[in-house]
Amino acid sequence: MAVPPHGDPQHMKFEAPAREAFWRLTLQHLLQQLDATPGGMTASEAEARLARCGPNKLNTEHARSLARRIIGRLVNPLVLVLLFAACVSAFTGDMASFLIVISVVFMSIALDSVQEQRAEKAVERLRASVALTERVLRDGREVEIPAEDLVPGDVVLLAAGDLVPAD
């Protein structure tokens, strides 16, 4: 931490330590930094790292609550115009038009919400059915494991055309 000449703590600058880019490191230095060996790691070490680091997957869970879904649809410009028209109908005494427009808007919101929920469930089923596996070295031999069980320090065996399962 560098203190400015005038000593004002509000102007202090905190800098993260400089780290060398991993792709510039030698293999030996990279393995040392990851606490890994060219022969892979033991299954027990992999389990410990998995418990410590968590699964190798993107956090895609962003389920919105029912209230957020409804609010998201209510702020749609077309829905706002329809609600405004319904309010005008109510103020002019045309209750039949008011009730028709309001029921159409709420039925539309309900159908949209149901369709969105079904689509999210279908995506989850597809994601679960496409389980990727990767070849790694564990206990000195090649094994195939689910991609989400990869941990930092795993030696992944890649062939031409393979997708890289982690960074």
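Rules and cut-offs
- Residues numbered from 1 in each chain as written.
- Predicted model: local features only at pLDDT ≥ 70, side-chain atom pairs only at ≥ 80, totals over all residues.
- Heavy atoms only, no water.
- Helix = DSSP H or I, 4+ residues; strand = E, 2+ residues; numbered from the N terminus.
- Buried < 20%, exposed > 50% of the residue type's maximum accessible area, 1.4 Å probe, protein only.
- Contact = heavy atoms within 4.5 Å.
- Areas by Shrake-Rupley, 256 points an atom, 1.4 Å probe, with all protein chains shown as cover.
- Patch = residues over 30% accessible without salt bridge, like charges linked within 9 Å, V, L, I, M, F, W, Y side chains within 5 Å.
- Salt bridge = Lys/Arg side-chain N within 4 Å of Asp/Glu carboxyl O.
- Core = buried A, V, L, I, M, F, W, Y, C linked by side-chain atoms within 4.5 Å.
- Axes fitted to C-alpha atoms, helices over the stretch in contact; angles between N-to-C directions.
- Parallel < 35°, antiparallel > 145°, perpendicular 65-115°, else oblique.
- Left-handed = near helix turned anticlockwise from the far one by under 90°.
- Nonpolar A, V, L, I, M, F, W, Y, C, P; charged D, E, K, R; others polar.
- Expected span 1.5 Å × (residues − 1).
- Arc of directions from axis to C-beta.
- Polar contact = N/O pair within 3.5 Å; in protein donor to acceptor, adjacent residues only side chain to side chain.
- pLDDT = per-residue confidence, 0-100.
- Pairing = 2+ DSSP bridges.
- Lys, Arg positive; Asp, Glu negative; His and termini not counted.

Examining the overall build of the protein
Next, step 1: When you go through the protein residue by residue, the secondary structure sums to five helices and two strands.
Next, step 2: For the protein, the sequential pattern of α-helices and β-strands runs α-α-α-α-α-β-β.
Next, step 3: When the 167 residues of the protein are sorted by exposure, 19% land in the buried category.
Next, step 4: Across the protein, the fraction of contacts at a sequence separation of at least 24, relative to all contacts at a separation of at least 6, is 42%.
Next, step 5: With an accessible surface of roughly 13,100 Å², the protein has 62% of that area assigned to carbon and sulfur atoms.

Quick word on a nonpolar patch on the surface
Next, step 1: Taken together, the side chains of Ile100, Val104 and Met107 make up a nonpolar region of the molecular surface, amounting to roughly 300 Å² of accessible area.
Next, step 2: Judged by relative accessible area, which is 44%, valine 104 ranks as partly exposed.

Structural notes on the environment of valine 104
Next, step 1: The residue valine 104 is located in helix 5 (residues 95-129) in this model.
Next, step 2: For the pair valine 104 and leucine 82, spaced 22 residues apart in sequence, the C-alpha separation works out to 9.2 Å.

Focus: the nonpolar core
Soluble, globular proteins show a tendency: their nonpolar side chains are buried together.
Next, step 1: The biggest cluster of nonpolar side chains holds six residues, and these are Val79, Leu83, Ala86, Ile102, Val105 and Ile109.
Next, step 2: Residues contacting alanine 86, with those up to four places away along its chain left out, are Phe98, Val101 and Ile102.

Notes on the packing of helix 3 (residues 66-74) against helix 5
Next, step 1: Viewed as axis vectors pointing N to C, helix 3 and helix 5 meet at an angle of 125 degrees, and their least axial separation amounts to 10 Å. Considering their axes alone, helix 3 and helix 5 lie oblique with respect to each other. Handedness of the helix 3/helix 5 crossing: right-handed. Contact residues: Arg69, Ile70, Arg73 and Leu74 in helix 3; Ile109, Asp112, Ser113, Glu116, Gln117 and Glu120 in helix 5.
Next, step 2: For the contact of helix 3 with helix 5, the per-class residue count stands at three nonpolar, two polar and five charged.

Some points on helix 4 (residues 77-91)
Side chains three or four residues apart in an α-helix point the same way, a direct result of the helix having 3.6 residues per turn.
Next, step 1: Across its 15 residues, helix 4 extends 21 Å between first and last C-alpha, which sits within 8% of the 21 Å expected from 1.5 Å per residue.
Next, step 2: When we look at burial in helix 4, the residues that qualify are Val79, Leu83, Ala86 and Ser89. Buried residues of helix 4, seen end-on, are gathered within an arc of 115 degrees and therefore sit on one face of the element. In this structure, helix 4 carries Pro77, Val81, Phe84 and Phe91 as exposed residues pointing more than 90 degrees from its buried face.
Next, step 3: Turning to helix 4, the residues buried within the fold contact helix 3 and helix 5.
Next, step 4: One side-chain oxygen at the N-terminal end of helix 4 lies 2.9 Å from the backbone nitrogen of leucine 78; it belongs to asparagine 76.
Next, step 5: Looking at the residues trailing helix 4, positive phi occurs at glycine 93, about 90 degrees.

What to know about the confidence of the model for the protein
Next, step 1: Averaged over all residues, the pLDDT of the protein equals 81, while 84% of them reach at least 70.
Next, step 2: Model confidence for the protein, summarised as mean pLDDT per element, is weakest for helix 1 (residues 27-33) at 84 and strongest for helix 4 at 93.
Next, step 3: Confidence drops under pLDDT 50 across residues 1-18; counting only partners more than four residues distant or on other chains, this segment forms eight contacts.

Comments concerning the pairing of strand 2 (residues 141-146)
Next, step 1: Across six bridges, the pairing between strand 1 (residues 133-138) and strand 2 is antiparallel. Counted as the bridge partner of glutamate 134 is isoleucine 145 from strand 2.
Next, step 2: With antiparallel pairing between neighbouring strands as the criterion, strand 1 and strand 2 make up a hairpin whose turn holds two residues, including aspartate 139 at a positive phi of roughly 55 degrees.

Describing the side chain of glutamate 134
Next, step 1: Within the secondary structure layout, glutamate 134 lies in strand 1.
Next, step 2: No salt bridge is formed by the buried glutamate 134; its nearest oppositely charged neighbour, arginine 135, is found at 7.0 Å.
Next, step 3: Here glutamate 134 is in contact with Val143, Glu144, Ile145, Ala147, Leu150, Leu163 and Pro165, once residues within four sequence places are set aside.

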